Every structure is written in structure tokens, then in C-alpha cells.
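Summary of the model geometry
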Amino acid sequence: MDIIKKISDYLQKGDDEKVFELTQQAIAQNIPPDEILNNGLIKGMDVIGDQFRNHEIFLPEVLLAARAMHAGMDQLNPLLSKAGIESKGKIIIGTVQGDLHDIGKRLVCIMLKGAGFEVIDLGTDVPAENFVEVAEKENAPVIGMSALLTTTMPAMKQVINMIKEKKLQNTIKTIVGGAPLSKQSAVEIGADAYGFDAANAVIRVKELIGVS
Amino acid sequence: MKPFLERLQTKEILVADGAMGSFLFQRGLKSGESPESINLKDPNVLVEIATLYFNAGADIVQTNSFGGSPLKLSHYGLEEKTEEINQTAAQCVRQVVGDKGYVSGSCGPTGQMLKPLGVIETDEMREGFQRQIKGLIEGGVDIICVETMTDLNEAKLAVQAAKSLAPDMPVMATMTFDPTPRGFFTVMGISISQAVQGLTEAGADILGSNCGNGLEKMIQIAREFRKFTKLPLIIQSNAGKPEMKEGKLVYPEDPSFFEKRVKDLAQAGVSIIGGCCGTTPEHIQAIRKAVDSL
């Protein structure tokens, strides 16, 4: 079997050691790093994303696949930047102030990375000004905000208001997600997009910055 | 007052309480603070909330200790206070219900994942639950309630921790399920039949579900549980999925919505009915009324 397909298959099985090994072999065989990334790692994560969205697999399988993806990515990253291959875009992401929930946001990070985006994860309990400052500094076109507690939804609005006050709404788009949110509540707080799950968030981010 | 498990055998339906968090915020808890920090700063608030639910007709009143495991409290630098936080939580409810109601010690997820998905060892998680539950028992709870679990291994560790400290203390164990085309699963991929098997093996006396996607789904979940177990069932449902309206969070299912569906829960074989996020003393009052007229 072709080594790139093997990378995708073992990634789907969550076998990080095997993905590490195969990525090393693929690099040694002079396969271009972007081919390993796009047709191996990203393709594998796409399948995982689809299976998760269809409830065929659950969080543990996704987390193990993500670990395998990182095992491959860590080796590819230096080669990709040397080859001048750019990411699809930079996304700033975090769980809003007052909320410590990590899992949903982690999933979105995984899916975005798997789709070829560069992700800066600010962690949980992130103050509004941090989101905006980092997005400005990094020239990131999108801020993603997560919340699980119903009480922390107003913190999302704070970030959106701050972007408007600084007149950045044309350069920085916002996407929100998390259990208490709905499309309607996202509109209500003025977000540019709502991701109802991690896989859907990737689709919405692509729409926001116009990449496929 | 009859011992809890004996009472359940009489086929009587018992009423549990509703949401806690919204009250804590109304009474001074700030966004970003541990909800359990109130136990140290202002335990009178716990007495006040327990009184509201007890007066609304709850037979079972829960302690403010959902995030009272040292693993969870460590996020706020409060792990050293584990014992005090849990003892106080139990004492405040006991003070309200006396010997006229049951005190249920809440035990929620640690927010951490066990290896290999996370970094936590099984022993560390078990010992953490033991510290929390020891505090609850010393504070005088009648029941331990392991709730809102999605990882079966974590739920089992909590149940086992309770049983290792007090083999005769009734343990309720509830998990949170989402509907999928293949039936109900937790986000970690646990089905209802797997939950029944695992939690029963761990020693839980009462099984069920809490939080979730509204009461209609909970009725289906209860029926599914009933297919796999003869143990008493508990359902504590959210008041639906919240929506933002004019900057405020609104839960769609009101007390009369709950009142009308108590009969369905009873027919599904549920022994304990209460609320979760978005429910109020008015919801509990409505459940009480419906239970009394069954």
C-alpha cells in the first residue's frame, strides 16, 4: 500500500507511533512535505471529522487521531516553513473569560489544524482584550470563541464589541460555538458565524475567509 | 424518616431539586470563580437555596459540591480546601431539611481526562473522589450523587470511591446523553446499555440521566434505561436548550411543561424526578404537584 494512504489509515486508528514512523519514512523517500500533509494527515483527519459529525465515532477516537496527527505534523512543520508553504490562515481561538471548559475548543483546534489552518490556542478563561490583542498582533483574520457555561456568553459579546470599537470588524471575523449557543444566539451577540460542532466550525471558518 | 433505599422500594416517586448555578450568580458569585468558593465565603447562600427547593416540595436536596473534587478545585487554587468545601456543602443542606428530607452529595466530573486521552492516572482520580466524598459523608449526606458524567471510567471511579468509604450509603449515578441516529450516546461514546452495565458493576444503586437536551429526550432516555435494568431510575432534566433573547438567556421549558410530562416519566419507570440547568423552585413545585396527583 502507498505510504501516504498508510499515514492516513494509521492516523484514523489513532496510532501515533506508526504515524510518526511512516512520516519519517515518507520524508526520507523525498515525498514533498505538502503532499504528506494534504494527502496523508489532513485526509485522515477529514475522515475522522466526517465520522465524528455522523456520530460513528466519539471524542476518544478523535483525541487519539489528533495525537497521531501531531506526531506527523511536528516533523513536517520545519520542512513546510523551509519550503515556503503557507497555512490556509491563522485562527485565534480560546474559551472566553469565566469559563474553564477545554474539550470543545480543543476539538475545534484539532479540526482546524487538520484542515490546514495555523491555530493559536489562547487556552481557557481568556480575557476579551487578549483575543483582540493577539489577533491584531498576529494579523489573524478570525477569532474563534468557545463557551460551555450559559453564564459566559456575554463575555463573547464583549470581544465582538471590542472589535467594533476598534473598527476592526472588516479585518477580524468572529465565530462562536459551545453547548449553550445556537445560530440565533450567535446572531443576537453579533458574531459573524456559528459553528454547531467542530467539523461545522471548520466549514464556517473557510467561508469567513474565503478559502476552500 | 425511612432509609432512602427502603423508601424507593415502596414505589413512591420522590422529587429532587433544580438548578443551583443561576442562584449563586444572583447572590454574588462572579464569572470565573469556583461555584464552590461560596461554601467558604458565604455558606448562608447555600442554606437559602436549599430552603427554596425544600419549600418547593423537594424530598431530595443536593449539595453545592458539583465541582468539589480536588482535581477540579485545583483550577482555582482551592484543592487544599476540598474537605472543608464538601463538609460545609452537606452541613448547610442538612441544617435545612433536618430529618424531613434527604441530603444528596453532588459529585460532578473532574474536568480532566484519564490516560491515555489525558494526563491523569486512575489512582489520582479515585483518591480525589475519595477526598471529596469523605468530606460529604462527614458533613452528613444521606446519598452520594455522581452526575453529569460522560466518561464511564470516571463515573465508575466516583461510584467505587463512595462504596469504598461507605458500602451502605446509596449511590445514584447519572450520565449525560445526546441523541444520534444510532440512539443515545455520551460525548465519549457510551451508550445507555454500557452505562447500565458499568455503573451497576461499580455498585451504583440508582441509575439515570441528568442535564441533556430537554425533557422529551429524557423520557426516551428513561425508557431505554428501563429496558436494561431493574434498578430505580432518576431523571434530572434541563429546562430545554437555552436561547438568547434580548441579551438574556431563556430556557424554553417552563414549569407547566414539566408538570405535564411527569406522568410520562412515571410510566417509563422513573422513581426520582428533579431538574438541572434552567430549572427553578417553580419547576420543582410543578413536579411536586404532578407527582402528588398521580
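Residues numbered from 1 in each chain as written. Chains lettered and ligands numbered in written order. Predicted model: local features only at pLDDT ≥ 70, side-chain atom pairs only at ≥ 80, totals over all residues. Heavy atoms only, no water.

1. Some remarks on the environment of Met45 of chain A
Residue and element names in this part refer to chain A. If you trace the backbone, Met45 turns up in helix H3 (residues 33–53). For Met45 and Met162, which are 117 residues apart along the polypeptide, the C-alpha to C-alpha distance reads 34 Å. The residues contacting Met45, other than those within four sequence positions of it, are Leu11, Ala65, Ala66, Met69, Ile110, Met111 and Gly114. (Helix = DSSP H or I, 4+ residues; strand = E, 2+ residues; numbered from the N terminus. Contact = heavy atoms within 4.5 Å.)

2. A closer look at the sheet that holds strand S2 (residues 118–121) of chain A
Residue and element names in this part refer to chain A. Here 5 strands make up an open sheet; going across it, the order is S2-S1-S3-S4-S5 and the pairing parallel. Strands with a single pairing partner mark the edges of an open sheet, and in this sheet they are S2 and strand S5 (193–194). For strand S1 (residues 90–95) and S2, the ladder comprises 4 bridges, and the chain directions are parallel. Its bridge partner lying in S2, Ile92 is registered against Ile120. Sitting on the sheet, helix H5 (residues 103–114) touches S1, S2 and strand S3 (142–146), and the angle it makes with S1 is about 170°. Of the strands in this sheet, S3 and strand S4 (173–177) are in contact with helix H7 (residues 153–165), which crosses S3 at around 160°. (Pairing = 2+ DSSP bridges. Axes fitted to C-alpha atoms, helices over the stretch in contact; angles between N-to-C directions.)

3. Some remarks on the side chain of Ser69 of chain B
Residues and elements named next belong to chain B. Mapped onto the secondary structure, Ser69 falls in the loop between strand S2 (60–62) and helix H5 (70–73). Judged by its relative accessible area of 1%, Ser69 falls in the buried class. Setting aside anything within four residues of it in sequence, one finds Ser69 in contact with Thr110, Phe129 and Gln132. (Buried < 20%, exposed > 50% of the residue type's maximum accessible area, 1.4 Å probe, protein only.)

4. Concerning the packing of aromatic side chains
Within the structure shown, the criterion is met by 4 aromatic pairs over all chains. For the ring pair Phe58 of chain A and Phe185 of chain B, a centre distance of 4.8 Å and an interplane angle of 35° mean the geometry is tilted. Of this pair, Phe58 of chain A sits in the loop between H3 and helix H4 (59–82) while Phe185 of chain B sits in strand S7 (residues 183–185), placing the two residues on different chains. Per residue, the accessibility class of Phe58 of chain A equals that of Phe185 of chain B, and both read buried. When the centroid spacing of 5.0 Å and the interplanar angle of 65° are considered together, the rings of Phe4 of chain B and Tyr102 of chain B count as edge-to-face. Remark: Tyr102 of chain B occurs in strand S3 (residues 102–107) and Phe4 of chain B occurs in helix H1 (residues 4–9); sequence separation between them is 98 residues. Given a relative accessible area of 4%, Phe4 of chain B falls into the buried group. Given the relative accessible area of 2%, Tyr102 of chain B is considered buried. Between Lys13 of chain A and the ring centre of Tyr10 of chain A, over which it is positioned, the NZ or CZ distance is 4.6 Å. The cationic tip of Lys18 of chain A hangs over the ring face of Tyr10 of chain A; the distance from NZ or CZ to the ring centre is 5.6 Å. (Phe/Tyr/Trp six-rings, centres within 6.5 Å; stacked < 30°, edge-to-face > 60°. Lys NZ or Arg CZ within 6 Å of the ring centre and 35° of its normal.)

5. Some thoughts on the interface of chain A and chain B
Between chain A and chain B, the residue contacts involve 25 residues of the former and 27 residues of the latter. Together chain A and chain B conceal approximately 2100 Å² of surface at their shared face, both sides included; 65% is due to carbon and sulfur atoms. Across the contact surface, chain A and chain B share 0 salt bridges. Here chain A is connected to chain B by 4 residue pairs in polar contact (both at pLDDT 80 or more). Breaking the side of chain A that touches chain B down by element, the ones donating at least two residues are H4, H5 and helix H8 (183–188) of chain A. Top contributing element to the side of chain A that touches chain B by residue count: H4 of chain A, with 5 residues. For the side of chain A that touches chain B, a count of residues per class yields 12 nonpolar, 9 polar and 4 charged. (Buried area = accessible area lost by both parts, 1.4 Å probe. Salt bridge = Lys/Arg side-chain N within 4 Å of Asp/Glu carboxyl O. Polar contact = N/O pair within 3.5 Å; in protein donor to acceptor, adjacent residues only side chain to side chain. Nonpolar A, V, L, I, M, F, W, Y, C, P; charged D, E, K, R; others polar.)

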